[in-house]
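Residues per chain, in single letters:
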Amino acid sequence: MSSGSPHTTARAVAMLKKRRRANSVFHALGVAAIAFAIAALVWLMSSIVGTGISAFTQNVITFEVVLDEEELDPSGERDPDALRLANYRAVVQDALYERFDVGDDRQRRQEAFGLVSTSGATDIIRQQVFTDPSLVGTTMTVTAPVSDDLDQYLKGNLTTDIDESLRRVSDNQIAWAQELKASGEIKSQFNWTLFTAPDSRDPELAGVAGAIVGSLLTMLVTFVLAFPLGVGAAVYLEEYAPKNRMTDFVEININNLAAVPSIVFGLLGLAVFLNFFGMPRSAPLVGGIVLAFMTFPTIMIATRAALKAVPSGIYDGALSLGASHTQAVFHHKLPNAAPGILTGSIIGMARALGETAPLLMIGMVAFVTEIPSSITEPASALPVQIFLWSDSAEVAWEERTSAAILILLAFMIVINGAAIWLRSKLEKRW
Amino acid sequence: MIGLFVFAALAVIGGFFLSRRAALVRASTSGVRMHSRAGYHGYLAGWLIGIPTFVVLSLLLTFAPDMSRLVAFALVAATALGMFAIAYTLARPDFRARTHVERIVQAALGACSVVAVLTTLGIIASLLYESILFFAEVSPIEFLTGLQWSPQTALRADQQGQSGAFGAVPVFTGTFLVMAVAIVVAGPIGLMIAIYLSEYANKRVRSIVKPVIEILAGIPTVVYGFFGLLAVGPTIRAFGESMGFEAPTQSAIAAGSVMGVMIIPLVSSLSDDVINAVPQTMRDGSYALGATKFETTSNVVFAAALPGIMGAFVLAISRAIGETMIVVMAAGRAANLTANPFEAVTTVTVQIVALLTGDQEFDSAKTRAAFALGLVLFVITLVLNVFALNIVRKYREKYE
């Protein structure tokens, strides 16, 4: 280095050091920002997996119930209506009092009965007796879910180091549960109920089947409406529309529609489809229409991008062979744009599947205990079910909410994975 | 009812095949050269039969759902057969079927894009209609400047002050507070990620990190809301306790920070786009003058991309204002007039949800207030979006 250069003076060297330090600080800030985002993602996923994983198992208790004829069917006629309304609760109570030998002590009686899911056990017995009335008078072995509090205790989700009076499970119940677990009368099994049952007031009996069916029906309506409309509007604007003020207006409109808050679409659905057209509340039909309004701009934007990406040579080639404009567009441009249209639509549908707020507006928050079978019946949707469960007080709902989220995320991963796979499979590089 | 739809669909399909055949047969017997391929005669028949038949069918279902099945069937069948007769006579070889089909197709496609305009009009009309009814009861000035928000009292007709208090200022400040927290989180972090990925990271890091960040955008908002409730809220509460002040689980900062995480990919991918659009020659010029990477990035690239980055921030603000589920679940519901992010606040979207969920009569000031809030929300986000999209478009044109 020549000593005369202004770049080698002590001041310049010190300055250069400072400038380089600034650069490395900036570099580190960039890394930190990425680390923050990834850490947030990891925290989110781990907290949800951490609380949700235990909901995929359920503790069940096996016990013998004497189906006392005096109690269940005193007339002895085995009348179906009488059998439906019979007091199964009493036989479950008797069985549990007997099993734990609680005598007449009210406190202990309550504790013994509190081990098992009341509706769970009585429903199972009712179902069995109803299909086979000859069971009345015999002894039956019942395997029913344990109560949600005991289940939470057995999964380690309840703290026991507080005073007994503040606890959801008592010392007696803990002792009994340990004993039953040791003898195999209480065991943990895969929680099929979570996947096969509709919603319920009792966490141990609640499942997401109704919500999943509701979501699928809603998505069906959304797709049937949004896909043709979105692709149609895109083809028109990209291939047919004259360039004038009117089309500019439509274009601004659609771009803006894609950024309108989702809840506003819910207000539209409520005012127009429920109040004005009198369509049914809580129905997947209306939910699907509202989500279609939201999804259609997304599909449209993706379709236009896909159409733009098709090289003009394909269109020109078709014209030169005598095709009309419409033939060139429909026979040559659209098939070549199909992969892009498909992936864009799938991603739009995935977003619609996770959408909650507009569905709240049109009443899809109703408590629905049946699996819907048509698009006009009241239904819930998976994200709405998550919202409802997250709002419930009991501890058991927390793990179930997380489990429902994991199920929703699994759907999302499958759908987005399908989009990525399709893109890599079908995408053409021109 | 389903039978009628099936009948209409069969009529369309039948019309297609019969007219196509008719065109072919007539062409071969008369020896006239066909103008359009036979299929177009079929398509024309399909459109001609389909459109009026389905229109009649929908009109019947909407306006006379109780009509006897026989009459309904007769009407639908008459329409279908009449239109088929027309289409069948038209199926001559010299008839320009393709031209007509293409015109119909173009009109149908145009109708699809009109739906977008109708949606916007529908939104504006429904929000305006209910809002005007609301403002007939509550003065707009009270709504926009009033400091007390307690719409619940409107339900109790026997009470004094039964009209409720509809001063929405606490709702607006709450919305602003949550949005500010979200932008404070998402703005710098999203921007730094964009700068790092476009200026510093090599191709491999970029190809891994970018999709991972995008995952954050794909997670449903209800999941973020629950995350705020389950993990972030309690953490902030514990932090508050350790610092010696009381922080509720549901607070502006809990909702805002979770929302910020959600918006990071929006800011980062939009900023990434605009930074990548800055021409490489500008960077090269800066390096040639001896600038370090940091100096080039901050003085040249950032300065050039600033309008686009502004656009990204404005879109992020609009997104934060309109976000619903996170605030419903993590911000609380109390209409506090406060600037303290550690307090529970309420937002426009939360109030819309609170006023309209559950069984309501839809003609009280309470439910109409939700539409008035919706109108405010729509107008603000509309202005922000148009503004942002404009900046971004102008910026793109500049470097294209």
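Residues numbered from 1 in each chain as written. Chains lettered and ligands numbered in written order. Predicted model: local features only at pLDDT ≥ 70, side-chain atom pairs only at ≥ 80, totals over all residues. Heavy atoms only, no water.

So, about the overall build of chain A. The helix and strand inventory of chain A stands at 18 helices and three strands. What you see for chain A is a C-alpha radius of gyration of 31 Å, clearly larger than the 22 Å of a compact globule of 430 residues, by over 25%. Dimensions of chain A, computed from the C-alpha atoms along their principal axes, are close to 100 × 75 × 40 Å. Taking all 430 residues of chain A together, 50% fall into the buried category. Of the contacts formed within chain A by residues at least 6 apart in sequence, a portion of 74% connects residues at least 24 apart. For chain A, the accessible surface area stands at approximately 20,000 Å², while carbon and sulfur atoms represent 59% of it. Between the centroid of the 32 positive side chains of chain A and the centroid of its 42 negative side chains there is a distance of 23 Å. (Helix = DSSP H or I, 4+ residues; strand = E, 2+ residues; numbered from the N terminus. Rg over C-alpha atoms; globule rule 2.2 N^0.38 Å. Buried < 20%, exposed > 50% of the residue type's maximum accessible area, 1.4 Å probe, protein only. Contact = heavy atoms within 4.5 Å. Areas by Shrake-Rupley, 256 points an atom, 1.4 Å probe, with all protein chains shown as cover. Lys, Arg positive; Asp, Glu negative; His and termini not counted. Charge placed at Lys NZ, Arg CZ, Asp CG, Glu CD.)

Side chains that are three or four residues apart share a direction in an α-helix, a result of its 3.6 residues per turn. Residues and elements named next belong to chain B. Between its terminal C-alpha atoms helix α7 (residues 203-218) stretches 23 Å, which fits the 22 Å expected from 16 residues at 1.5 Å a residue. For α7, every residue scored as buried is listed here: Val209, Ile213 and Leu216. The buried residues of α7 occupy an angular sector of 35° when projected down its axis, which confines them to one face. Turned more than 90 degrees from where α7 packs its buried face, Lys203 and Arg204 sit exposed. (Expected span 1.5 Å × (residues − 1). Arc of directions from axis to C-beta.)

Here we come to the domain arrangement of chain A. All names here are of chain A. The domains assigned to chain A are domain 1 (55-191) and domain 2 (209-426). Measuring from the centre of the C-alpha atoms in domain 1 to the corresponding centre in domain 2 gives 46 Å. Of the residues lining the interface, eleven residues belong to domain 1; the matching set on domain 2 comes to eight residues. Regarding the contact of domain 1 and domain 2, the summed buried area is about 740 Å², with carbon and sulfur atoms giving 56% of it. (Domains from an automatic or database assignment. Buried area = accessible area lost by both parts, 1.4 Å probe.)

Once that is clear, we can look at a negative patch on the surface. Taken together, the side chains of Asp68, Glu70, Asp94, Glu98 and Asp101 of chain A present a region of like negative charge at the surface. By the secondary structure assignment, Glu98 of chain A is in helix α4 (residues 88-100). (Patch = residues over 30% accessible without salt bridge, like charges linked within 9 Å, V, L, I, M, F, W, Y side chains within 5 Å. Salt bridge = Lys/Arg side-chain N within 4 Å of Asp/Glu carboxyl O.)

The pairing of strands in a sheet happens through backbone hydrogen bonds and is either parallel or antiparallel. All names here are of chain A. What the three strands build is an open sheet, ordered β2-β1-β3; its pairing is antiparallel. At either end of the open sheet lies a strand with only one pairing partner, and these are β2 (139-145) and β3 (186-190). Mean inter-strand twist for the sheet, computed between neighbouring axes without regard to direction, equals 35°. Looking at chain direction, strand β1 (residues 57-66) and β3 are connected through five bridges and run antiparallel. Directly across from Ile61, in β3, lies its bridge partner Ile186. (Pairing = 2+ DSSP bridges. Axes fitted to C-alpha atoms, helices over the stretch in contact; angles between N-to-C directions.)

With 32 residues, helix α6 (residues 169-200) of chain B ought to run about 46 Å at 1.5 Å a step, and its terminal C-alpha atoms sit 44 Å apart, in line with that. If you look at α6 of chain B, its biggest bend is around 25°, right at Ile183 of chain B. (Bend = angle between axes of the 7 residues up to and from the residue.)

Before going further, it helps to examine the interface of chain A and chain B. With 72 residues of chain A in contact, the opposing surface of chain B contributes 75 residues. In total, about 6,300 Å² of surface goes out of reach between chain A and chain B, with carbon and sulfur atoms giving 80% of it. Counting every contact that joins chain A to chain B gives one salt bridge. When the shortest N-O distance is used, the salt bridge between Glu295 of chain B and Arg19 of chain A registers 2.6 Å. Counting every contact that joins chain A to chain B gives nine residue pairs in polar contact (both at pLDDT 80 or more). (Polar contact = N/O pair within 3.5 Å; in protein donor to acceptor, adjacent residues only side chain to side chain.)

Here we take up the nonpolar core. Counting residues in hydrophobic clusters, the biggest one holds 186 residues, and the most contacted among them are Trp149, Ile193, Tyr224, Met259, Ile352 and Leu373 of chain B. The element that contributes the greatest number of residues to this core is α6 of chain B, accounting for 17 residues. With residues up to four places along the chain from it excluded, the contact list for Met259 of chain B reads Val178, Ala182, Ala320, Glu323, Ile326 and Val327 of chain B. Formed by 38 residues, the second largest nonpolar core is a distinct cluster that contains Ala112, Leu135, Val136 and Leu158 of chain A. (Core = buried A, V, L, I, M, F, W, Y, C linked by side-chain atoms within 4.5 Å.)

Before going further, it helps to examine the side chain of Asp149 of chain A. Mapped onto the fold, Asp149 of chain A is located in helix α7 (residues 148-154). Contact partners of Asp149 of chain A, with chain neighbours within four places excluded, come to Leu158, Arg168 and Val169 of chain A.

Right, let's get into the layout of surface pockets. For the second largest pocket, the calculated volume is near 1,800 Å³. Along the wall of the second largest pocket there are 48 residues; nearest its centre are Phe273, Met279, Leu285 and Ile289 of chain A together with Thr62 of chain B. Listing elements by their share of the lining of the second largest pocket, those giving two or more residues are α10 (209-240), α12 (262-276) and α13 (284-309) of chain A together with α1 (2-30), α2 (38-63), α3 (69-90) and α4 (97-137) of chain B. For the lining of the second largest pocket, the leading source of residues is α4 of chain B, giving eight residues. Grouping the constituent residues of the lining of the second largest pocket by class yields 37 nonpolar, nine polar and two charged. (1 Å grid on protein atoms, 1.4 Å probe; cavity = no way out; pocket = protein on both sides within 12 Å on 5 of 7 lines; lining within 4 Å. Points joined across faces, edges and corners; volume = space filled by probe spheres on them. Nonpolar A, V, L, I, M, F, W, Y, C, P; charged D, E, K, R; others polar.)

This next bit is on the packing of aromatic side chains. Overall, the coordinates contain 26 aromatic pairs over all chains when judged by the stated rule. Centroid distance Phe16 of chain B to Tyr43 of chain B: 5.4 Å. Interplanar angle 50°. Geometry classified as tilted. With Phe16 of chain B in helix α1 and Tyr43 of chain B in helix α2, the pair connects residues that are 27 residues apart, well separated along the chain. Of the residues examined, Tyr43 of chain B reaches a relative accessible area of 44% and is grouped as partly exposed. Their ring planes at 85° and their centres at 5.3 Å tell us that Phe134 of chain B and Phe166 of chain B sit as a pair that is edge-to-face. Of the two residues, Phe134 of chain B sits in helix α4 while Phe166 of chain B sits in strand β2 (residues 165-166), which places them 32 residues apart along the sequence. Residue Phe134 of chain B is classed as buried on the basis of its relative accessible area, which comes to 0%. Taken together, the ring pairs in this structure connect Phe134, Phe135, Phe143, Trp149, Phe166 and Phe172 of chain B into an aromatic cluster. The side chain of Lys333 of chain A reaches across the aromatic face of Tyr315 of chain A, ending 5.7 Å from its centre. Above the ring of Tyr88 of chain B, the side-chain terminus of Arg26 of chain B is found at 4.8 Å from the ring centroid. (Phe/Tyr/Trp six-rings, centres within 6.5 Å; stacked < 30°, edge-to-face > 60°. Lys NZ or Arg CZ within 6 Å of the ring centre and 35° of its normal.)

Once that is clear, we can look at a nonpolar patch on the surface. Residues and elements named next belong to chain B. Taken together, the side chains of Tyr43, Trp47, Ile51, Val55, Leu59 and Phe63 define a hydrophobic patch exposed on the protein surface, amounting to about 620 Å² of accessible area. If you trace the backbone, Leu59 turns up in helix α2. The class of Leu59 is partly exposed, set by a relative accessible area of 45%.

Moving on, we get to the pattern of salt bridges. Side chains that carry opposite charge are capable of pairing whenever their charged atoms lie near each other. Residue and element names in this part refer to chain B. For the structure shown, the criterion picks out 21 salt bridges over all chains. The partner of Arg92 in a salt bridge is Asp94, and the shortest N-O contact between them spans 3.6 Å. A salt bridge links Lys210 to Asp272; the nearest nitrogen and oxygen atoms lie 2.9 Å apart. Residue Lys210 is located in helix α7, and its partner Asp272 is located in helix α9 (residues 252-277); the two are separated by 62 residues in the primary sequence.

Moving on: the domain arrangement of chain B. According to the domain assignment, chain B contains domain 1 (2-117) and domain 2 (165-399). Distance from the C-alpha centre of domain 1 of chain B to the C-alpha centre of domain 2 of chain B: 51 Å.

For Thr297 of chain B, the location among the structural elements is in helix α11 (residues 293-322). In terms of polar contacts, Thr297 of chain B uses its side chain to reach the backbone carbonyl oxygen of Lys293 of chain B, at 2.6 Å. For Thr297 of chain B, the residues in contact, after removing those within four places along its chain, are Phe26 of chain A together with Ile195, Glu199, Tyr200 and Phe302 of chain B.

Within the secondary structure layout, Leu150 of chain A lies in helix α7. Non-local contacts of Leu150 of chain A, meaning those with residues more than four positions away in its chain, are made with Leu115, Val169, Ala177 and Ile186 of chain A.

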